[in-house]
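Geometric and topological summary
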Amino acid sequence: MLSISFAQQADYVDFKKLEATLGFVPDSSKIQGGVYLEFKILKKTDSVYLDAIDMDFKFFVQSDENIKLKNDGEKLWVKSDFEEGETYSVIFNYVAYPKKALYFLKREDAWQIWTQGQGKYTSNWLPSIDDVNDKIEFDLRVAFDKAYNVVVNGNLIGSEPVKDKEESLHVFDMQKPMSSYLVALVIGKYNKKTETSKSGIPLEYYCYPEDSLKVESTYRYSKQMFDFLEEEIGFAYPWQNYKQVPVHDFLYAGMENTSLTIFSDAFVVDSIGFNDKNYVNVNAHELAHQWFGDLVTAKSSKHHWLQEGFATYYALLSEREIFGDDYYYFKLYESVVELGRQDLSGNGTSLLNPKSSSLTFYQRGAWVLYALRNKVGDVVFKQAVKNYLEKYQLASVETSDFISEVERLYGRSLSTFVNLWIKQKAFPYDMAFAILKRQSTFINEFVQVDCEAKSSKCAEYLKYYVSDEAKAKVISQVPELVISNVFKNGLKVRQAIAKHVTKIPESLKSDYESLLNDKSYITIENALYNLWINFPLERSKYLFKTRNIVGFSDKNVRLLWLVLNLNTPYYEADNKQGLYDELVGYTNEKYNADLRINAFQYLDLIKACNEKCKSNLETAKSHHNWRLVKFAKQLSEQLEQKKN
Ligand SMILES: [Zn+2]
């Protein structure tokens, strides 16, 4: 994400401040802005530039009439005889129709507009600097229909009506500089709940008005994790406030824009969904980035782990605070297994390889910190992290900057450690495993309980006390060992039963039926399907019992229910067309990508993708979400082939 020419510009100019006043015409995906830009010349030069993709400019030069502006479609060049040490400013207006990085979505006549800078480049909608190393103070003012909420980095210092328009102008203030990829805005219809951290930072939780009952379950533990991280990191949260906003069809799980995390609304869950896939991990991860990534930023992708490894590690520490030690060690164990598997398949890389997989950047990165702390001790580790943040705040960093801080306090060289854990290609699997086994009896037990080769012990494991994780493992390996008593376990074990016990003996029928009452949409989905298959005579009973359950935001239970119903001829026989229309309806572009993919898949499975479904599949091909696009292209190719 860094090219040489960008890095050179940072040597001779420092962009100080960029104030932009923005307006939108959503119907034509248009953004227009007025920009005030201030920069200081570090070395005499005749030109500096901002990245600006496909923009039209109207120029209003201010501070110096000798300054000329030139637009080449990729960059806005600012030309003059710039003198070293001098500060200059320019003002200009621009118009853009961004193809990426800023997205306009319409649902039920309401607009949602949101941005994604990292990997997409903010310069598609705001003239800025693609190079992460030049940090600028961005102050945005946004005018939009007054019925909407506008959320931007920094503090909202005021909103005022726009003359002769049904709009409000919202004025935001950032006090500190940031890399351009972290500039963000969200416009949409939201409710907001606010808490205050122990240290006095306002924490704002946004939610769609119709999701007011999901606010608590979605944002559960937010304040606890915020307070924990401030304490654990030992460096005060660096920004004025912290806002979290869910959006439709986000490109990733979440994005840590400075003081404004944007996340996928698939994580907006009710209290049942919370048990299956909650926002806690993503919440903690993006929050940790506010220090590691936003305050100190990796100079180049070679050092990407300084962002992702730290965010993953500190998220894990936050989760340990909530879910306990076993949870923590189990996550570390899972990543050791995955990293080992990656090496076996020949896809392992050095942590400093810019082309590393996410698994390497995130999980190996987190493991480096866990192993390092284990080596140098808590006191040295924590103080070194604190010193590192203090020294490099609002600047950019390399791996050696962090390691040197640790070495200074540790008093010894860490070069052997660095070679083994960071530089070399192979992940030190055996050593990682040894540390883990030393620290956790829970992991020892989990590893010992193994029924890959079935033994007489396996039935005993399910009877007596081993952890739920270990029981779930046994069930996945030998599902036929499940007897009535095993159903008396908790949610995780019962989830494993619903997943792996697909042939249900008559003797377990009533136990199995009780799974439909569990507080887990994964359990309910699997149990409904397996019961429907195993007991054809009872199908109406199962359908009746689950008729009002929707499931996650991708409606996992509802869609399965519709398909099973359509395949149960005698149940609700007079309403089949209505149910089929409902299923096809979910392929429409007014729904989230995940739901649409689910609906397309089911329609393909029952060979019932009609004209409406096919035309929705066509429109899906030009969606901004690459997963939906890839899926739509594949499915329509398959449908074509079947036709021929
Ligand atoms: Zn991250």
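Keep in mind that what you see is a predicted model, and the values were worked out from it rather than measured.

Rules of the game
In every chain, residue numbers begin from 1 and rise along the written sequence. Selection of residues for local features in this predicted model requires a pLDDT of at least 70, selection of side-chain atom pairs for listing and counting requires 80 or more, and totals for whole chains, interfaces and linings are taken over all residues. Side-chain measures were taken over the full set of non-hydrogen atoms in the model, leaving aside hydrogen atoms and water. Numbering of helices and strands runs from the N terminus, with a helix taken as a DSSP run of H or I at least four residues long and a strand as a DSSP run of E at least two residues long. Both definitions apply: the radius of gyration is a C-alpha atom measure, and the globule rule equals 2.2 Å times residues to the power 0.38. With a 1.4 Å probe rolled over the protein chains alone, any residue whose accessible area is under 20% of its type maximum counts as buried; one over 50% counts as exposed, and the rest are partly exposed. Contacts are residue-level and defined by heavy atoms, with any inter-residue pair within 4.5 Å sufficient. Computed with the Shrake-Rupley method and a 1.4 Å probe, the accessible areas treat only the protein chains shown as cover for residues. Residues counted as positive are Lys and Arg, residues counted as negative are Asp and Glu, and His and the chain ends are not counted. We put the charge of a Lys on NZ, of an Arg on CZ, of an Asp on CG and of a Glu on CD. For two strands to be treated as a pair, DSSP must find at least two bridges joining them. Every axis corresponds to a line fitted to the C-alpha atoms, with the helix fit spanning only the stretch in contact, and the corresponding angles, defined between N-to-C directions, vary from 0 to 180 degrees. Donor selection uses N, O and S atoms within 2.8 Å of the metal (3.2 Å for Na, K and Ca). Since no water is included, sites may look incomplete. Only the six-membered ring of Trp is used, alongside the rings of Phe and Tyr, when aromatic pairs are assigned; centres must lie within 6.5 Å, and planes under 30 degrees apart are stacked while those over 60 apart are edge-to-face, with the rest tilted. Charge over a ring is defined by NZ of Lys or CZ of Arg lying within 6 Å of the ring centre and within 35 degrees of the ring normal. One speaks of a salt bridge when a side-chain nitrogen belonging to Lys or Arg is within 4 Å of a carboxyl oxygen belonging to Asp or Glu. As used here, the term nonpolar core means buried Ala, Val, Leu, Ile, Met, Phe, Trp, Tyr and Cys residues forming a set that is joined through side-chain atoms within 4.5 Å. Throughout this description, any angle smaller than 35 degrees is read as roughly parallel, any larger than 145 degrees as roughly antiparallel, any in the 65 to 115 degree range as roughly perpendicular, and the remainder as oblique. Here a crossing is called left-handed whenever its near helix is offset anticlockwise from the far helix by less than a right angle, and right-handed whenever the offset is clockwise. Amino acids outside the nonpolar list (Ala, Val, Leu, Ile, Met, Phe, Trp, Tyr, Cys, Pro) and the charged list (Asp, Glu, Lys, Arg) are all regarded as polar, and Gly is one of them. Values of pLDDT, the confidence the predictor places in each residue, fall between 0 and 100. Each domain's extent was defined by an automatic or database domain assignment. Accessible surface is computed with a 1.4 Å probe, and the buried area is the amount of it that two parts give up when combined, taken over both parts together.

**Description of the overall build of the protein chain**
The secondary structure content of the protein chain amounts to 24 helices and 21 strands. The C-alpha radius of gyration of the protein chain comes to 27 Å, within 12% of the 26 Å expected for a compact globule of 644 residues. Expressed along its principal axes, the backbone C-alpha trace of the protein chain runs to roughly 90 × 65 × 50 Å. For the protein chain, the residues scored as buried account for 56% of the 644 residues in total. Considering only intrachain contacts with a sequence separation of at least 6, the fraction spanning at least 24 residues in the protein chain is 67%. As displayed, the protein chain offers around 28000 Å² of accessible surface, 49% of which is attributable to carbon and sulfur atoms. Here the protein chain contributes 79 positively and 86 negatively charged side chains, and the mean placements of these two sets differ by 4 Å.

**With respect to the sheet that holds strand 15 (residues 191-196)**
The pairing of strands in a sheet happens through backbone hydrogen bonds and is either parallel or antiparallel. Read across the sheet, 5 strands follow the order 15-16-17-19-18 without closing on themselves; strand pairing throughout is mixed. Two strands lie at the open edges of the sheet, namely strand 15 and strand 18 (254-257), each paired on one side alone. Direction aside, neighbouring strands of the sheet carry axes that sit 15 degrees apart on average. The pairing of strand 15 with strand 16 (residues 202-207) spans 6 bridges and is classified as antiparallel. Across the sheet, the residue bridging to Glu-195 is Leu-203, located in strand 16. Contacts from helix 3 (residues 222-233) reach strand 15, strand 16 and strand 17 (242-247) within the one sheet, and its direction differs from that of strand 16 by about 145 degrees. On the sheet, helix 5 (residues 280-289) packs against strand 17, strand 18 and strand 19 (260-264) and is oriented at approximately 25 degrees with respect to strand 18.

**Points about the side chain of His-285**
When you line up the elements, His-285 lands in helix 5. Classification of His-285 as buried rests on a relative accessible area of 9%. In this view, His-285 contacts Glu-308, Ala-311, Thr-312, Ala-315 and Tyr-362; residues no more than four positions away in its chain are not counted.

**Focus: the coordination of the zinc ion**
Coordination of the zinc ion by the protein comes from His-285 (NE2), His-289 (NE2) and Glu-308 (OE), over a distance range of 2.0 to 2.1 Å. Of note, the zinc ion draws all its donor residues from one chain, in the sequence arrangement H-x3-H-x18-E. Residue His-285 and its partner His-289 are both found in helix 5; the two are separated by 4 residues, about one turn of the helix. Across this residue pair, the class does not change: His-285 and His-289 are buried.

**Focus on the packing of aromatic side chains**
Enumeration according to the criterion identifies 54 aromatic pairs in this entry. Aromatic side chains Phe-330 and Phe-446 sit 5.0 Å apart centroid to centroid with 80 degrees between the ring planes, which places their arrangement in the edge-to-face category. Here Phe-446 lies in helix 13 (residues 441-448) and Phe-330 lies in helix 7 (residues 325-344), a separation of 116 residues in the sequence. In this pair, the class of Phe-330 matches that of Phe-446, namely buried. Here a set of aromatic residues connected by ring pairs shows up, and it is made of Phe-292, Trp-305, Phe-310, Tyr-313, Tyr-314, Phe-381, Tyr-388, Tyr-392 and Phe-402. Across the ring face of Tyr-49, the terminal group of Lys-75 is positioned such that the distance to the ring centre comes to 4.9 Å. For Arg-220, the ring lying beneath its charged end belongs to Phe-274, and the centroid distance is 4.2 Å.

**Here's the deal with the pattern of salt bridges**
Counted according to the given criterion, the structure contains 30 salt bridges. Where Asp-450 meets Lys-473, a salt bridge forms, and the shortest distance between an N and an O atom there is 3.7 Å. Pair noted here: Asp-450 is in the loop between helix 13 and helix 14 (457-463) and Lys-473 is in helix 15 (residues 468-477), with a separation of 23 residues, a long-range link. For Asp-450, a relative accessible area of 35% puts it in the partly exposed group.

**Examining the nonpolar core**
In this structure, Leu-22, Phe-24, Trp-305, Tyr-314, Trp-367 and Phe-402 are the most contacted members of the largest nonpolar core, which totals 211 residues. Per-element tally for this core: the top contributor is helix 8 (residues 358-376), with 10 residues. Apart from the residues lying within four places of it in its own chain, the contact partners of Phe-24 are Lys-30, Ile-31, Leu-102, Phe-104, Ile-113, Val-142, Ala-143, Phe-144, Leu-185 and Ile-187.

**Looking at the packing of helix 18 (residues 521-534) against helix 20 (residues 556-566)**
Where helix 18 meets helix 20, the closest approach of the two axes is 9 Å, and the angle between their N-to-C directions is 10 degrees. Put simply, helix 18 runs roughly parallel to helix 20. The way helix 18 lies across helix 20 gives a crossing that is left-handed. Between helix 18, through Tyr-521, Ile-524, Glu-525, Leu-528, Tyr-529 and Trp-532, and helix 20, the contact on the second element is made entirely by Asn-556, Val-557, Leu-560, Trp-561 and Leu-564. Split by residue class, the contact of helix 18 with helix 20 holds 9 nonpolar, 1 polar and 1 charged.

**Observations concerning the pairing of strand 17**
In regular strands, side chains alternate between the two faces of the sheet. Within strand 17, 6 of the 6 residues are buried, which leaves it mostly tucked inside the rest of the structure. Bridge count between strand 16 and strand 17: 3 bridges; the pairing is parallel. In the strand pairing of strand 17, Tyr-205 is matched with Gln-244. Strand direction decides the pairing type here: strand 17 and strand 19, joined by 5 bridges, are parallel. In the sheet register, Pro-246 faces strand 19, and the bridge partner there is Phe-263.

**Points about the confidence of the model for the protein chain**
Per-residue pLDDT for the protein chain averages 95, and the proportion of residues at 70 or more is 98%. In this model, residues 1-7 is a region of pLDDT below 50 whose contacts with residues beyond four sequence positions or in other chains number 16 contacts.

**With respect to the domain arrangement of the protein chain**
Once the domains are mapped, the protein chain shows domain 1 (1-181), domain 2 (190-290), domain 3 (300-441), domain 4 (449-529) and domain 5 (550-644). Computed over C-alpha atoms only, the centres of domain 1 and domain 2 are separated by 27 Å. If you look at the interface, domain 1 gives 22 residues, while domain 2 gives 23 residues. For the pairing of domain 1 and domain 2, the buried interface totals around 2000 Å² over both sides, and the portion due to carbon and sulfur atoms is 53%. Taken as a group, Gln-112, Trp-114 and Val-151 account for 29% of the area that domain 1 buries against domain 2, more than any other trio of residues on that side.

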